[in-house]
Amino acid sequence: MMDRSLIFAANWKMNLGPTEARRYAERFLSLTSPIKSRSLWFFPPAVSLGALCEATRGRADLRIGMQNVHWEPKGAFTGETSIPMAMEAGAGAILAGHSERRQLFGETDEYVARKTKAALNLGVTPLVCVGETLGERDGGRTESVIVRQLTPVVDALEPAEWNRVVLAYEPVWAIGTGKNATPDDAAQIHELIRMELGRNGVAVRVPILYGGSVNSGNVLSLLARPQLDGVLVGGASLDPEGWAELVGLS
Ligand code: PGA
């Protein structure tokens, strides 16, 4: 058992409606009990968030968050959910900059920065995702892409606010593909991200999760690298037995 603090974040994407979320919670709670220095985060679809919060009440090691929010508190933004509304339903975190939002829904680096700032202003934890595509990696642009993605966030935040931020490195080519970065690759990019933050005067030790085809077969070798502070998991978090097994492995 590793004794450092680790975050296990489940990104359900567009899976598990309210009824399934309740059923999932019941099963998951029956299989797990809180583990010291582990926190378990869930990002269900927005419509399932309230149900999941209610069904998991009383487990302080669990945090439920939104996959997407708008940075404005209210207004004419059809289809969007604001952070105060999400908080009222029980959200304690938000995802910002997931590659599917960036690639499929036009989420820009600036939007990511605005959401991150708004979350911090309102007191929920932003989990900010960065990562390069295969083309960018093959073109030797991994570092410049990550720096480009981080820069508006760095510009928007006071150095001390980084105390309340979590980052995730998710190489786009590894998400949902079954290909994951080797522990060495992941550790190297996590170091690069830390150096970039340090270069910008961020002295706090921001947790950095790794994401992209993490499963119970590879999670231990990834988490064996001290540069990784946890994992962000899509497909392998969708069934409560598999996710309970994965979070219990470390
Ligand atoms: P995956 O997704 O684990 O299914 O690759 C990870 C993510 O998109 O956060």
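Note that this is a predicted model, so its numbers are computed, not measured. (Residues numbered from 1 in each chain as written. Predicted model: local features only at pLDDT ≥ 70, side-chain atom pairs only at ≥ 80, totals over all residues. Heavy atoms only, no water.)

> Help me understand the packing of aromatic side chains in this model?
Aromatic ring pairs are defined here through the distance separating the ring centres and the angle between the ring planes. Tallied over the entire structure, the rule returns eight aromatic pairs. A ring pair is formed by W12 and Y24, whose centres lie 4.6 Å apart and whose planes are at 55°; its orientation type is tilted. With W12 in the loop between β1 (6–11) and α1 (18–31) and Y24 in helix α1, this pair connects stretches of sequence that are 12 residues apart. The two residues W12 and Y24 agree in class, both being buried. For the ring pair Y24 and F42, a centre distance of 6.0 Å and an interplane angle of 85° mean the geometry is edge-to-face. Highlighted residues: Y24 in helix α1 and F42 in strand β2 (residues 38–43), separated in sequence by 18 residues. In this structure Y24 comes out as buried when scored by relative accessible area, which is 4%. (Phe/Tyr/Trp six-rings, centres within 6.5 Å; stacked < 30°, edge-to-face > 60°. Helix = DSSP H or I, 4+ residues; strand = E, 2+ residues; numbered from the N terminus. Buried < 20%, exposed > 50% of the residue type's maximum accessible area, 1.4 Å probe, protein only.)

> When you look at the site of the ligand in this model, what are you seeing that I'm missing?
With respect to spatial proximity, 13 residues lie near the ligand, and among them K13, H98, E170, G176 and S213 are the closest. Between the ligand and H98 there is a distance of 2.6 Å, counted from an oxygen atom to a side-chain nitrogen or oxygen. One of the backbone N or O atoms of G234 is found 2.8 Å from an oxygen atom in the ligand. Alone, the ligand offers 290 Å² of accessible surface; in the complex the protein occludes 95% of this. Partitioning the shell around the ligand into residue classes produces four nonpolar, seven polar and two charged. (Near = heavy atom within 4 Å. Polar contact = N/O pair within 3.5 Å; in protein donor to acceptor, adjacent residues only side chain to side chain. Areas by Shrake-Rupley, 256 points an atom, 1.4 Å probe, with all protein chains shown as cover. Nonpolar A, V, L, I, M, F, W, Y, C, P; charged D, E, K, R; others polar.)

> Help me understand the sheet that holds strand β6 (residues 166–169) in this model?
Two modes of strand pairing occur in sheets, parallel and antiparallel, and in both the strands are linked by backbone hydrogen bonds. Here eight strands make up a closed barrel; going around it, the order is β1-β2-β3-β4-β5-β6-β7-β8 and the pairing parallel. Strand-to-strand twist in this sheet, taken as the mean axis angle between neighbours without regard to direction, amounts to 25°. Of the strand pairs in this sheet, β1 and strand β8 (residues 230–233) are connected by four bridges, and their pairing is parallel. Across the sheet, the residue bridging to I7 is G230, located in β8. Here helix α10 (residues 240–249) sits on the sheet in contact with β1, β2 and β8, set at roughly 165° to β1. (Pairing = 2+ DSSP bridges. Axes fitted to C-alpha atoms, helices over the stretch in contact; angles between N-to-C directions. Contact = heavy atoms within 4.5 Å.)

> Help me understand the side chain of E107 in this model?
Summarising the element assignment, E107 is placed in the loop between α4 (99–105) and α5 (109–122). Setting aside residues up to four positions removed in sequence, E107 forms contacts with N68, A96, G97, R101, R102, V112 and K115.

> How do you make sense of the pattern of salt bridges when you look at a structure like this?
A side chain of one charge can pair with a side chain of the opposite charge when the charged atoms of the two come close. Applying the stated criterion to the full structure yields 14 salt bridges. Across the pair R225 and D184 runs a salt bridge, and its minimum N-O distance is 2.3 Å. Of the two residues, R225 sits in the loop between α9 (219–223) and β8 while D184 sits in helix α8 (residues 183–199), which places them 41 residues apart along the sequence. (Salt bridge = Lys/Arg side-chain N within 4 Å of Asp/Glu carboxyl O.)

> Would you mind showing me how to read the nonpolar core here?
General note: in soluble globular proteins, nonpolar side chains tend to be found buried as a group. Among the nonpolar cores identified, the biggest contains 64 residues, and F8, F42, W162, L167, I193 and W243 are the most heavily contacted of them. Setting aside residues no more than four positions away along its own chain, W162 makes contact with V153, V154, L157, L167, L197, V202, V204 and V206. Ranked by size, the runner-up nonpolar core spans 12 residues in total, among them L95, L127, L209 and L232. (Core = buried A, V, L, I, M, F, W, Y, C linked by side-chain atoms within 4.5 Å.)

> How should the environment of N200 be read in this particular structure?
Within the fold, N200 resides in the loop between α8 and β7 (208–211). We classify N200 as partly exposed; its relative accessible area is 32%. For the pair formed by N200 and P159, sequence separation is 41 residues and the distance between their alpha carbons is 8.4 Å. A polar atom in the side chain of N200 sits 2.8 Å from the backbone oxygen of E196.

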